[in-house]
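Chains, contacts and geometry: an overview
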Amino acid sequence: MQHSAIVGASAAGVSAAIAMRSHGYDGRITVIDRDPHPPYERPPLSKLADRTLRPIAPPGRFAELDIELRLGIEVHGVDPVSRTLHLDASDSLRVDALLLSTGVAARRLTVPGSSLSHVLVLRDASDAALLADRLSAGGPLVVVGAGFIGLEIAALARERGLDVTVVEVGARPLQNLDERIGLRALELHQDRGVRFVLGRTVERFEGVGAVEEVVLDDGTRIPAATVVVGVGVEPRTELARAIGVRTDGQGIAVDAYGRTDVSWVYAAGDVASQPHPQLVAGPGRIEHWDVALKHGTAVGATMAGHPTAFTETPYVWSDQFGLTFQMFGRPRTTDELVMRPDSTSKSYLGFWLRDEVVVAVCGLDRPRDVGAARRLVQLPVGAHRDALADGGIELRALIKTMTRG
Amino acid sequence: MECEDHVTWTKACGTSDIEKGEGFQLDREHPIALFNVDGEYFAIDDTCTHDESSLADGYVDGDVVECAWHFAKFCIKTGEVLSLPATCPVATYAVKVEGDDVFVDLPD
């Protein structure tokens, strides 16, 4: 019987396993993960920061689909010639095909004091459990990095009444997006009492055993009972490199179907450096949960003998202070953002244009509008450019006109 | 055949409240979403089984509604789940139209 192993019980790994079955793959499927918890969704970890884990699939589904879970198990090595994975306790698995959905690891700082207790990152369930404990212990909390993860944690902590300071090296939150979006996020957080120190980096953490102060590059000292570092991620490519699979600066290099340069090895999700049509600067990672789920579904279909290219528009969302930010597409800083005129810091809708084509849309607290507006991504704006910014024109009607061409 | 004795028809809305390709939320303790699929009306649970978003706010394509938050897809006619991240179906309810009024068979 054919045997496919999936390393990483992530959104990509689990959706790939399910897709293999729904495309009729009847070989053995083994999903391996060092994390001992049944496969869970990561987005709620930074949005709830409690100990409840939301399963990706109901507990019985894996048995129903004859998908074997090997959880709390590490892959220590691999023999590429015999296609054997070496697991804990001299256990090994012979496989015919391998999917690497190993994801990314949270980047840690290397400044002095980085290994003090209560200097945390947030990536998996055990990180979330630690964070939940620390939020219960009270503030002050210092968040390093004003990306989505940092802002979500800052919002959560403020909602629980903690004193929160966000330290960001850039001039505003969400550096990679248009200034208006970053400034609106800043305003929303400041209104709720989050303090920001912008344009500064962390020089060191000080404390006896556990962190007590964060010292910035200008000498400023910020008291801290807990620090959360949210400064990006690193792809987990160790296993790929051990097999000799090609990696690029971004992750495991795959084609549109999730195939690597080694015939029996595939990669999906955050760890994959993929040639997505909306990554105009070349292949790269797309670190969004929805993408991981859909990329895994496509690559699983490929592995089951139905080659499926992943081309869907990337989607990301973020929940802060009860408001949901949503974005479709991959805007570049050189794209033009056109906002609907009824936009405020608590509710807005915007469209990015590049060469008169809508390349991305975003909204805050406008799920219905964003759901409709996403249909415009990749469509030429044509004669409707002014209508996008005209509050007098009803949005859904406009979208229907534009999608009909 | 359904036994009329056990049916509790509740007036949900007028036919003009649900445009083609749109959802209508019947706001009650257990909200219901009504849809107009090419002139035929259907009712399902409004709350997505994945998170807590309103399916009436979702995007309708034929007889499929896609949740506005995380894009789980459901069949409006059967309640069946068509796409992750949801894994459980939504309940469906019988609908009838009398004149310009839409009625749903709701459990007591």
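Every chain's residues receive numbers from 1 upward, in the order its sequence appears when written. Working convention: letters from A go to chains and numbers from 1 go to ligands, in the order in which they are written. Restriction of local features to residues with pLDDT of at least 70 applies here, the model being predicted, together with a cutoff of 80 or more for giving and counting side-chain atom pairs; totals for whole chains, interfaces and linings are based on all residues. Each side-chain value is worked out from all heavy atoms of the structure, with water and hydrogens disregarded.

The name an unreviewed UniProt entry assigns to chain B is Bifunctional 3-phenylpropionate/cinnamic acid dioxygenase ferredoxin subunit, from the organism Phytohabitans maris.

Under an unreviewed UniProt entry, the name given to chain A is FAD-dependent oxidoreductase, and the source organism is Phytohabitans maris.

Moving on, we come to the overall build of chain A. Within chain A, the regular secondary structure consists of 11 helices and 25 strands. C-alpha atoms define the radius of gyration, and 2.2 Å times the number of residues to the power 0.38 defines the globule rule. A globule of 405 residues ought to have a C-alpha radius of gyration of about 22 Å, and chain A, at 22 Å, matches this closely. Taken over the C-alpha atoms alone, chain A extends approximately 65 × 60 × 35 Å along its principal axes. Taking all 405 residues of chain A together, 56% fall into the buried category. Counted over contacts in chain A with a minimum sequence separation of 6, partners at least 24 positions apart contribute 60%. All accessible areas in this document rest on Shrake-Rupley with a 1.4 Å probe, and a residue is counted as covered only by the protein chains that are shown. For chain A, the exposed area adds up to about 16,400 Å²; of that, 49% sits on carbon and sulfur atoms. Here Asp and Glu are counted as negative and Lys and Arg as positive; His is not counted, and neither are the chain ends. The atom standing in for a charge is NZ when the residue is Lys, CZ when it is Arg, CG when it is Asp and CD when it is Glu. Taken together, the 44 basic and 50 acidic charged side chains of chain A have centroids lying 3 Å from each other. A run of H or I in DSSP counts as a helix once it spans at least four residues, and a run of E counts as a strand once it spans at least two, with each numbered from the N terminus. Throughout, exposure labels follow a simple rule: accessible area from a 1.4 Å probe, protein chains only, divided by the maximum for the residue type, with under 20% read as buried, over 50% as exposed, and the rest as partly exposed. The contact definition used throughout considers only heavy atoms, calling two residues in contact when any of these lie within 4.5 Å.

Residues and elements named next belong to chain B. The rule for pairing is simple: two strands pair if DSSP sees at least two bridges between them. As summarised here, the arrangement of the four strands in space is S5-S6-S7-S8, forming an open sheet in which the pairing is antiparallel. Looking at which strands have only one partner, the edges of the open sheet turn out to be strand S5 (59–61) and strand S8 (81–83). Ignoring which end each strand starts from, the neighbouring axes of this sheet average 30 degrees apart. Both strand S7 (residues 73–75) and S8 contribute to a ladder of two bridges, which runs antiparallel. Residue pairing for S8: Phe-74 is matched across the bridge by Val-81. Note on method: axes are straight lines fitted to C-alpha atoms, helices fitted across the in-contact stretch only, with angles between N-to-C directions ranging 0 to 180 degrees.

All names here are of chain A. A pair is scored as a salt bridge if a Lys or Arg side-chain nitrogen falls within 4 Å of a carboxyl oxygen belonging to Asp or Glu. Here the structure, examined in full by the defined rule, presents 33 salt bridges over all chains. With a shortest N-O distance of 3.2 Å, Lys-294 and Asp-290 are connected by a salt bridge. Pair noted here: Lys-294 and Asp-290 are both in helix H8 (residues 289–303), with a separation of four residues, about one helical turn. We note that Lys-294, like Asp-290, is buried.

It is worth spelling out the UniProt feature "domain: Reductase C-terminal" (unreviewed entry) in chain A at this point. Under the UniProt annotation, "domain: Reductase C-terminal" (unreviewed entry) lies at residues 315–398 of chain A. Annotated as 18% helix and 38% strand, the span residues 315–398 of chain A places its first and last C-alpha atoms 22 Å apart. UniProt positions are given in the numbering used here, feature names are shortened, and annotations may be inferred rather than shown by experiment.

Attention shifts here to the sheet that holds strand S16 (residues 226–229) of chain A. Residue and element names in this part refer to chain A. Overall, parallel pairing links the five strands, which are arranged S9-S16-S10-S11-S12 in an open sheet. If you trace the sheet from one side to the other, it starts and ends with strand S9 (119–120) and strand S12 (195–198), each paired once. Bridging between strand S11 (residues 164–168) and S12 involves four bridges; their strand directions are parallel. Considered in S12, the bridge of Val-166 is made with Phe-196. Contacting strand S10 (141–144), S11, S12 and S16, helix H5 (residues 148–159) runs over the sheet at an angle of about 165 degrees to S10.

Residue and element names in this part refer to chain A. For helix H1 (residues 11–22), spanning 12 residues, the distance from its first C-alpha to its last is 16 Å, which sits close to the expected 16 Å at 1.5 Å a residue. Buried residues dominate H1, accounting for 11 of its 12 residues. Buried within H1 we find Ala-11, Ala-12, Gly-13, Val-14, Ser-15, Ala-16, Ala-17, Ile-18, Ala-19, Met-20 and Arg-21. Those residues of H1 that are buried lie in contact with strand S1 (3–7), strand S2 (28–33), helix H3 (61–64), strand S3 (67–71), strand S7 (97–100) and H8. Gly-24 sits one or two positions beyond H1 and adopts a positive phi of about 90 degrees. Given the number of residues in a helix, its expected span is that number minus one, multiplied by 1.5 Å.

Attention now goes to the packing of aromatic side chains. Note on aromatic pairs: the rings of Phe, Tyr and Trp (six-membered ring only in Trp) are paired at centre separations within 6.5 Å, and the planes decide the class, stacked below 30 degrees, edge-to-face beyond 60, tilted for the rest. A complete count under the given rule lists six aromatic pairs over all chains for this structure. When the centroid spacing of 6.0 Å and the interplanar angle of 20 degrees are considered together, the rings of Tyr-315 of chain A and Trp-317 of chain A count as stacked. Neither Tyr-315 of chain A nor Trp-317 of chain A differs from the other in exposure class; each is buried. Ring centres 5.3 Å apart and planes at 50 degrees place the aromatic pair Phe-328 of chain A and Phe-71 of chain B in the tilted group. In this pair, Phe-328 of chain A sits in strand S22 (residues 323–329) while Phe-71 of chain B sits in the loop between strand S6 (64–66) and S7, so the two residues belong to two different chains. As far as burial versus exposure is concerned, Phe-328 of chain A and Phe-71 of chain B are alike and both buried. Among the aromatic residues, those joined into a cluster by ring pairs are Trp-289, Tyr-315, Trp-317 and Phe-328 of chain A together with Phe-71 of chain B. Ring-over charges, as used throughout, are those where CZ of Arg or NZ of Lys falls within 6 Å of the ring centre and within 35 degrees of the ring normal. One residue, Arg-374 of chain A, lies across the ring of Phe-71 of chain B, its end atom 4.5 Å from the ring centre.

Residue and element names in this part refer to chain A. In this entry, domain limits derive from an automatic or database-based domain assignment. As assigned here, chain A comprises domain 1 (3–105 + 234–303), domain 2 (119–229) and domain 3 (322–403). Taken together, the seven residues of domain 1 in the interface contact seven residues of domain 3. Roughly 550 Å² is buried in total at the junction of domain 1 and domain 3, and carbon and sulfur atoms are behind 47% of that figure. The term buried area means the drop in 1.4 Å probe accessible area that two parts suffer when joined, counted for both and summed. Sorting the residues of domain 1 by area buried against domain 3 places Gln-278, Val-280 and His-288 first, and these three jointly supply 69% of that buried surface. Here a polar contact is taken to be a pair of N or O atoms separated by no more than 3.5 Å, where protein atoms must pair a possible hydrogen donor with a possible acceptor and residues adjacent in sequence count only if both atoms sit in side chains. Where domain 1 packs against domain 3, one counts one residue pair in polar contact (both at pLDDT 80 or more). For the side of domain 1 that touches domain 3, the residue count by class is four nonpolar, two polar and one charged. Under the grouping applied here, Gly and all other residues not named as nonpolar or charged are polar, the nonpolar ones being Ala, Val, Leu, Ile, Met, Phe, Trp, Tyr, Cys and Pro and the charged ones Asp, Glu, Lys and Arg.

Let us look at the interface of chain B and chain A. Each side of the interface is counted separately: chain B has 18 residues, and chain A has 25 residues. Both sides together, the interface formed by chain B and chain A hides about 1,800 Å², and carbon and sulfur atoms give 49% of it. Ranking the residues of chain B by area buried against chain A places Tyr-59, Phe-71 and Leu-84 of chain B at the top, with a combined share of 34%. The shortest N-O distance in the salt bridge between Arg-375 of chain A and Glu-66 of chain B comes to 3.1 Å. Where chain B touches chain A, the interface holds 11 residue pairs in polar contact (both at pLDDT 80 or more). For the side of chain B that touches chain A, the per-class residue count stands at seven nonpolar, six polar and five charged.

Within the secondary structure, Thr-87 of chain B is located in the loop between S8 and strand S9 (92–93). With residues near it in sequence (within four places) discarded, Thr-87 of chain B still touches Ile-56, Ala-57, Pro-58 and Arg-61 of chain A together with Val-81 of chain B.

Residue and element names in this part refer to chain A. For helix H4 (residues 125–137), built from 13 residues, the straight-helix expectation of 18 Å at 1.5 Å per residue is met to within 8% by its first-to-last C-alpha distance of 19 Å. Regarding H4, the residues found buried are Ala-125, Asp-127, Ala-128, Ala-129, Leu-131, Ala-132, Arg-134 and Leu-135. Where H4 is buried, its residues meet helix H2 (43–48), S9, S10, H5 and S16. Following H4 by one or two positions, Gly-138 adopts a phi angle in the positive range, close to 100 degrees.

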